[in-house]
Amino acid sequence: MANIKDVAERAGVSVATVSRVLNGHSPVAETRDRVLAAVRELGYRPNNVARALRTARTGALGLIISDLTNPFFTELADAVEDEARSLGYSLVIGNAGERPAQQDDYIRTLLDRRIDGLLVSSAGTGSAMLSEVVASGTPLVLLDRTVPGVDAPCVRADGRAALTELAAHLAALGRRRPAIIVAPAGTPTGDERLDLFRTALAAHGIALPDERVGATPDLQHTGGRRVMSDFLDLAEPPDAVLATDNLMALGAMDELRARGLRVPDDMALVVYDDVPWFTHTDPPLTAIAQPTRELGRAAVHTLLARIEGRPADPVLLPARLVTRRSCGEPPIG
């Protein structure tokens, strides 16, 4: 079985350098890549028990995801795990299922396991347990969703430019009666997307009245379908809908089909979140794509900075508009 000296010899570095890389300290990307390649080739597995005795660390990170059935969060968790493993850390994942009480149960379990740090994409608007994590001294980083009153950096996407571009895109296509399907009122991410979209539309003289703002009780398919049904029952239904989550968008599409309506002929549809199969729907869906894998990597590095006592600022990475055919865009070519 390979040991740390074998890895150092294969990579052409010192044992101390290998140790620094495995603890996330290597400042040179080339050195880090060479060491990690040697680790993979030799099948080296660090002795986390011995490391914990020496450093009071366990080599384990915790990740609580608000809903693993949501494709965005599935990919986000995968990105976090890949980056953590590449840096020599194991990852323990809990699925909150959008239930704050279940989230709190996972937080207690992970703290009992003495993880080195915790990443949380919070269910709902958060919980008192998150403040207890901060008070306990366990390094905490929020992912995708801010939580009011919790003193921890958040790594998330910035949708301002993409929503501004979307408003201009809809205006150019003659869509003057937009609507939006959002998360429950009071959810920071949903509130922010609503405010940004409304402001962006106003710059083009387009109103977004409250009757065309539909909040779901959850972020699920059923909620999106129910809100779309309400929109279609208005005296003057919208001519474009932004669904601020991919599962809600699928529910909205189902309701349109059930009523014999087509996208984009009868209704434009845009999704905040892009997933690979949106290119294969009929029509392919225009979407706002978040830099999911980059968010996962940034979250791990932000958490490691907190673990090591280095400054860790909030991270905002830009989302982007991906135009396809669901708003009545002209064919390409």
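Quick caveat, the model's predicted, so the values are computed rather than measured. (Residues numbered from 1 in each chain as written. Predicted model: local features only at pLDDT ≥ 70, side-chain atom pairs only at ≥ 80, totals over all residues. Heavy atoms only, no water.)

## So, unusual backbone geometry
Phase 1 of the analysis: At the junction of Val263 and Pro264, the peptide bond is cis and its omega measures out at 0° in the coordinates.
Phase 2 of the analysis: Counting through the fold element by element, Pro264 comes out in the loop between helix H11 (246–258) and strand S9 (268–272).
Phase 3 of the analysis: The omega torsion across Asp282 and Pro283 is 0°, close enough to zero to call that bond cis.
Phase 4 of the analysis: Summarising the element assignment, Pro283 is placed in the loop between S9 and strand S10 (286–289).
Phase 5 of the analysis: Phi at Glu98 is positive, roughly 60°, even though this residue is not glycine.
Phase 6 of the analysis: With respect to the element layout, Glu98 can be found in the loop between strand S2 (90–95) and helix H6 (100–112).
Phase 7 of the analysis: By relative accessible area, Glu98 is classed as partly exposed at 22%.
Phase 8 of the analysis: Positive phi values are uncommon outside glycine, yet Asp273 reaches one of about 125°.
Phase 9 of the analysis: Summarising the element assignment, Asp273 is placed in the loop between S9 and S10. (Helix = DSSP H or I, 4+ residues; strand = E, 2+ residues; numbered from the N terminus. Buried < 20%, exposed > 50% of the residue type's maximum accessible area, 1.4 Å probe, protein only.)

## Some details on the packing of aromatic side chains
Phase 1 of the analysis: Taken as a whole, this structure holds two aromatic pairs when the rule is applied.
Phase 2 of the analysis: Aromatic pair Phe72 and Phe73: ring centres 5.0 Å apart, planes at 70°, arrangement edge-to-face.
Phase 3 of the analysis: Judged by relative accessible area, which is 5%, Phe72 ranks as buried.
Phase 4 of the analysis: Judged by centre distance (6.5 Å) and plane angle (85°), the rings of Trp277 and Phe278 are edge-to-face.
Phase 5 of the analysis: According to the relative accessible area criterion, Trp277 is partly exposed, its value standing at 40%.
Phase 6 of the analysis: Here the guanidinium or amino end of Arg193 rests over the ring plane of Tyr272, the centre of that ring lying 3.8 Å away. (Phe/Tyr/Trp six-rings, centres within 6.5 Å; stacked < 30°, edge-to-face > 60°. Lys NZ or Arg CZ within 6 Å of the ring centre and 35° of its normal.)

## Observations regarding the pattern of salt bridges
When the charged atoms of two side chains with opposite charge come close together, those side chains can pair.
Phase 1 of the analysis: Here the structure, examined in full by the defined rule, presents 15 salt bridges.
Phase 2 of the analysis: Across the salt bridge formed by Arg259 and Glu255, the nearest N and O atoms sit 2.8 Å from each other.
Phase 3 of the analysis: Asp265 is the salt-bridge partner of Arg262, the closest N and O atoms lying 3.9 Å from each other.
Phase 4 of the analysis: You can call Asp265 exposed: its relative accessible area is 61%.
Phase 5 of the analysis: Each of Arg225, Asp233, Glu255 and Arg259 takes part in a single network of salt bridges with overlapping partners. (Salt bridge = Lys/Arg side-chain N within 4 Å of Asp/Glu carboxyl O.)

## Brief notes about helix H10 (residues 221–232)
Phase 1 of the analysis: In this model H10 runs 17 Å from its N-terminal to its C-terminal C-alpha over twelve residues, within 8% of the 16 Å that 1.5 Å per residue would give.
Phase 2 of the analysis: The set of residues buried in H10 consists of Gly223, Gly224, Val227, Met228, Ser229, Phe231 and Leu232.
Phase 3 of the analysis: Looking at the buried side of H10, the elements it contacts are strand S6 (178–182), strand S7 (213–215), strand S8 (240–243) and H11. (Expected span 1.5 Å × (residues − 1). Contact = heavy atoms within 4.5 Å.)

## Things to note about the sheet that holds strand S5 (residues 154–158)
Phase 1 of the analysis: What the six strands build is an open sheet, ordered S2-S1-S3-S4-S5-S11; its pairing is parallel. Looking at the sheet topology across the chains shown, the edges are occupied by S2 and strand S11 (315–318). Strand after strand, the sheet turns through a mean of 20° between neighbouring axes, direction not considered.
Phase 2 of the analysis: Looking at chain direction, strand S1 (residues 60–65) and S2 are connected through six bridges and run parallel. Bridge assignment links Ile64 to a residue of S2, and that residue is Gly94.
Phase 3 of the analysis: Contacting S1, S2, strand S3 (117–120) and strand S4 (140–143), helix H5 (residues 71–86) crosses the sheet at an angle of about 175° to S1. (Pairing = 2+ DSSP bridges. Axes fitted to C-alpha atoms, helices over the stretch in contact; angles between N-to-C directions.)

## A short note on the layout of surface pockets
Phase 1 of the analysis: When its volume is computed, the second largest pocket comes out at roughly 250 Å³.
Phase 2 of the analysis: Around the second largest pocket, the lining is made up of 16 residues, and of these Glu75, Asp274, Ala289, Gln290 and Thr292 lie nearest the centre.
Phase 3 of the analysis: Per element, the largest residue contribution to the lining of the second largest pocket is three residues, and it comes from helix H12 (residues 292–307).
Phase 4 of the analysis: Considering only residue class, the lining of the second largest pocket consists of six nonpolar, three polar and seven charged.
Phase 5 of the analysis: Residue assignment places the lining of the second largest pocket across two domains, with domain 2 (55–152 + 292–317) and domain 3 (158–291) each supplying three or more. (1 Å grid on protein atoms, 1.4 Å probe; cavity = no way out; pocket = protein on both sides within 12 Å on 5 of 7 lines; lining within 4 Å. Points joined across faces, edges and corners; volume = space filled by probe spheres on them. Nonpolar A, V, L, I, M, F, W, Y, C, P; charged D, E, K, R; others polar. Domains from an automatic or database assignment.)

## Observations concerning the domain arrangement of the protein chain
Phase 1 of the analysis: What the domain assignment lists for the protein chain is domain 1 (4–45), domain 2 (55–152 + 292–317) and domain 3 (158–291).
Phase 2 of the analysis: For domain 1 and domain 2, the distance between their C-alpha centres works out to 26 Å.

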